[in-house]
Amino acid sequence: MTFKSIKGTKDLLPDESGRWLHLEAVIREVMTAYRYAEIRTPTFEETAVFSRGIGEETDIVGKEMYTFTDKGGSSLTLRPEMTASVVRAYIQHSLAEQGGVTKVYYIGPMYRQERPQAGRLRQFHQFGAECIGAAAPACDADIIAIAADIYARLGIRCTLKLNSVGDPVCRPKYREVLQAYLAGVHDRLTLESQRRAETNPMRVLDSKAPQDIDATMDAPSILDHLSDESRAHFDAVRACLDDFGIPYVIDPRLVRGLDYYTKTAFEFVSTDLGSQDALGGGGRYDGLTEQLGGKATPAVGFAAGMERLLMVLEKSGYTFPSDALSVYIVGLDERSRRWSHVQAVRLRREGIPAECDFTGRSLKAQMREANKRGARHVVIVGEEEMASQRAIVKTMETGEQQSIEFASLLSYFLRLPVSPNSDASAYVSTH
RNA sequence: GUGAGCGUAGCUCAGUUGGCAGAGCAUCAGAUUGUGGCUCUGAGGGUCGCGGGUUCAAGCCCCGUCGCUCACCCCA
């Protein structure tokens with residue numbers, strides 16, 4: 001019996017890690033341009049950070065958390081999302097005292113114990129951004145623009161759905177109106193929605209069951225019940241998006257699964273995915289900081305799924321940059337083999353990707369390997385070359401060969417133009 | 001938590017009414033001296049998920065079990 005990775009977790013193998021590096025590079029580029037700085041928090045927290053932050057009533061807290069007790073008896077939880085952790089760190093380190101707005105982004109693994117399926121894993125990866133410390137609608141638009149830009153940069157077709165879920169003034173009132181309406185159609189709702197009509201009526205509108213959609217066809221809209229403040233905020237966010245040239249559709253039924261949202265709520269959905277089509281989403285969470293024991297602080301943020309992004313990119317035939325190998329160095333006998341390794345190291349120290357054979361294979365086999373690896377040039381050295389101190393340099397694309405003095409090999413490769421399809425950003429370290 | 005489908009080579013999958021375990025791709029080697037791709041030839045690689053049962057005989061039928069996948073719920 002051999003070991004296997006845990007259900008719902010995946011190994012990222014060498015032939016696909018380049019795609020992740022590229023994606024991460026694009027994300028970091030956009031985040032940096034927007035002047036958001038990376039934040040890294042621990043992958044686990046005291047359980048209460050999430051149960052209080054996200055809300056006891058949510059599915060995430062109710063049934064999806066990876067919670068365990070450590071040897072000291074504390075209840076700890078693997079983070080199911082990042083916002084609560086970021087806010088905890090914001091409070092803990094008094095970032096508010098530095099003045100101004102705190103703008104951070106993150107990329108990392110999250111954990112939810114659910115039954116895995118297409119586009120859903122137990123360990124999955126999200127990137128996202130949070131803008132903490134300002135109530136202006138411009139912040140909401142700024143956050144949305146980041147996500148929209150990243151998707152645009154990757155050529156992804158998706159729809160931005162926008163809504164307002166109101167504030168502590170108008171939401172309770174709307175809730176009553178909605179509840180009254182739902183009571184009227186009670187018998188036509190699914191059992192699940194009948195239950196939710198009591199606990200979290202707005203989620204009934206979010207149901208995908210045809211039965212529920214039919215029954216709530218002309219349910220009262222939150223947008224007709226917004227307070228003046230929320231109304232003005234919503235309109236201002238829309239105006240910003242219009243100014244930015246970011247298209248969106250208003251969806252008054254959009255309700256996100258986390259309890260902390262106020263005012264703006266949004267979601268990016270893909271038309272190219274299966275049943276898990278949410279690429280990312282977010283919203284304003286003006287009450288969360290207080291919820292976690294800090295001073296009342298307005299904030300907005302979004303989170304998006306990396307795996308789902310990759311799925312869409314692969315479906316759309318997105319061309320990822322190739323990890324071009326520049327030089328493969330073939331050695332034929334013991335002495336030339338040792339020489340070829342030394343040359344490979346010299347080239348690498350100059351930033352030129354180079355490889356040589358470690359398995360003592362034949363010239364033909366090494367050539368095959370070089371070709372398979374996509375080497376642009378192959379250096380061939382055997383007894384004769386060692387004797388004459390001149391190496392054969394073959395350009396794979398054309399098949400042309402020339403003889404180059406050992407002494408000028410390095411400068412020969414340094415003079416070559418950088419290949420057009422290599423992408424330096426693919427090699428940017430992520431740590 | 002609920003429902004459905006699938007487990008055969010590294011990968012994708014054939015395998016008939018139960019009768020010697022297969023293909024394509026990949027890997028490795030070769031096609032006159034030390035040269036890749038295309039082509040050709042050959043080789044290696046299997047506890048048919050696991051355990052039990054029926055049978056002269058099980059990849060195939062029956063029971064159990066584990067795993068994977070997809071869907072519901074919800075989300076990324």
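Preceding this section is the structure that the text describes.
What you see is a predicted model; the values in this text were computed from it and never measured.

Rules and cut-offs
Numbers given for residues are sequential positions, taken from 1 along each chain in its written order. Naming scheme: in the order in which they are written, chains are lettered from A and ligands are numbered from 1. For this predicted model, a pLDDT threshold of at least 70 governs which residues receive local features, and a threshold of 80 or more governs which side-chain atom pairs are given and counted, while totals over whole chains, interfaces and linings are taken from all residues. Here the side-chain values reflect all heavy atoms present in the structure, with hydrogen atoms and water set aside. Note on definitions: the grid is 1 Å and covers protein atoms alone; a cavity is a set of points where a 1.4 Å probe fits but cannot get out; a pocket is an open set with protein on both sides within 12 Å along at least five of seven lines; lining residues have an atom within 4 Å of a point. Grid points are joined across faces, edges and corners, and a volume is the space filled by probe spheres set on the points. Labels follow the DSSP assignment, with helices taken as runs of H or I lasting at least four residues and strands as runs of E lasting at least two, numbered in each case from the N terminus. Asp, Glu, Lys and Arg are counted as charged, while Ala, Val, Leu, Ile, Met, Phe, Trp, Tyr, Cys and Pro are counted as nonpolar; the rest, among them Gly, fall into the polar class. Every residue pair with non-hydrogen atoms within 4.5 Å of one another is taken to be in contact. Axis angles are defined between N-to-C directions and span 0 to 180 degrees, where every axis is a line fitted to C-alpha atoms and, for a helix, only to the segment in contact. Reported orientations rely on four angle classes, namely roughly parallel under 35 degrees, roughly antiparallel over 145, roughly perpendicular from 65 to 115, and oblique for the rest. One less than the residue count of a helix, multiplied by 1.5 Å, gives the span that helix is expected to have. Working definition: with a 1.4 Å probe on protein chains only, accessible area under 20% of the residue-type maximum means buried, over 50% means exposed, and in between means partly exposed. Note: the arc covers the axis-to-C-beta directions of the helix. We define the nonpolar core as a collection of buried residues of types Ala, Val, Leu, Ile, Met, Phe, Trp, Tyr and Cys that are connected through side-chain atoms lying within 4.5 Å of one another.

Draft legend 1. Main features of the layout of surface pockets. What the second largest pocket holds in volume is close to 740 Å³. Lining the second largest pocket are 34 residues, with Leu12, Trp20, His125, Met306 and Glu307 sitting closest to its centre. Elements with a contribution of two residues or more to the lining of the second largest pocket: helix H1 (14-33), strand S5 (102-111), strand S6 (123-132) and helix H12 (306-315). Considering only residue class, the lining of the second largest pocket consists of 14 nonpolar, 8 polar and 12 charged.

Draft legend 2. Representation of empty space enclosed by the protein within the structure. For the structure on display, the rule yields 1 cavity of 30 Å³ or more. Its boundaries defined by the atoms lining it, the largest cavity holds a volume of some 60 Å³. Contributing to the lining of the largest cavity are Val327, Ile329, Gln343, Arg346, Leu347, Val379, Leu409, Leu410 and Phe413. Counting only elements with at least two residues in the lining of the largest cavity, the list comes to strand S12 (327-331), helix H13 (334-349) and helix H16 (409-415). Split by residue class, the lining of the largest cavity holds 7 nonpolar, 1 polar and 1 charged.

Draft legend 3. How the structure looks around the side chain of threonine 264. By the element assignment, threonine 264 lies in strand S9 (residues 262-270). If sequence neighbours within four positions are ignored, threonine 264 has contacts with Asp140, Leu162, Asn163, Ser164, His233, Val237, Gly282, Gly283 and Arg284.

Draft legend 4. Structural context of the packing of H1 against H12. Look at H1 against H12: their axes get within 11 Å of each other, and the N-to-C directions meet at 105 degrees. With respect to each other, H1 and H12 are oriented roughly perpendicular. On the side of H1, the interface is formed by Arg19, Trp20, Leu23, Glu24 and Ile27, while H12 contributes Met306, Glu307, Leu309, Leu310, Leu313 and Glu314. Tallied by class, residues from the contact of H1 with H12 come to 7 nonpolar, no polar and 4 charged.

Draft legend 5. Expanded view of helix H6 (residues 171-184). A rise of 1.5 Å per residue sets the reference length of H6, with its 14 residues, at 20 Å; its end C-alpha atoms lie 20 Å apart and thus fit the reference within 8%. Of the positions making up H6, those classed as buried are Tyr174, Leu178, Tyr181 and Leu182. One side of H6 holds all its buried residues, which, seen down the axis, span an arc of 100 degrees. Exposed side chains of H6 directed beyond 90 degrees from the buried face belong to Lys173, Glu176, Ala180, Ala183 and Gly184. Next to the buried residues of H6 lie helix H7 (191-199), helix H8 (202-205) and helix H9 (210-215).

Draft legend 6. Geometry of the nonpolar core. Membership of the largest hydrophobic core comes to 93 residues, with the highest contact counts inside it found for Met31, Phe127, Tyr151, Leu241, Phe268 and Phe302. Tallying contributions element by element places helix H5 (residues 137-153) first for this core, with 10 residues. Setting aside chain neighbours within four positions, we find methionine 31 in contact with Tyr36, Tyr105, Phe127, Gly128, Ala129, Ile146, Ile150 and Phe302. Within the second largest apolar cluster, 19 residues are counted, among which are Val379, Leu410, Tyr412 and Phe413.

Draft legend 7. Looking closely at unusual backbone geometry. At serine 94, a residue that is not glycine, the phi angle is positive and equals roughly 50 degrees. Counting through the fold element by element, serine 94 comes out in the loop between helix H4 (83-92) and S5. Under the relative-accessibility criterion, serine 94 is labelled partly exposed at 37%. Even without being glycine, glutamine 389 reaches a positive phi, approximately 60 degrees.

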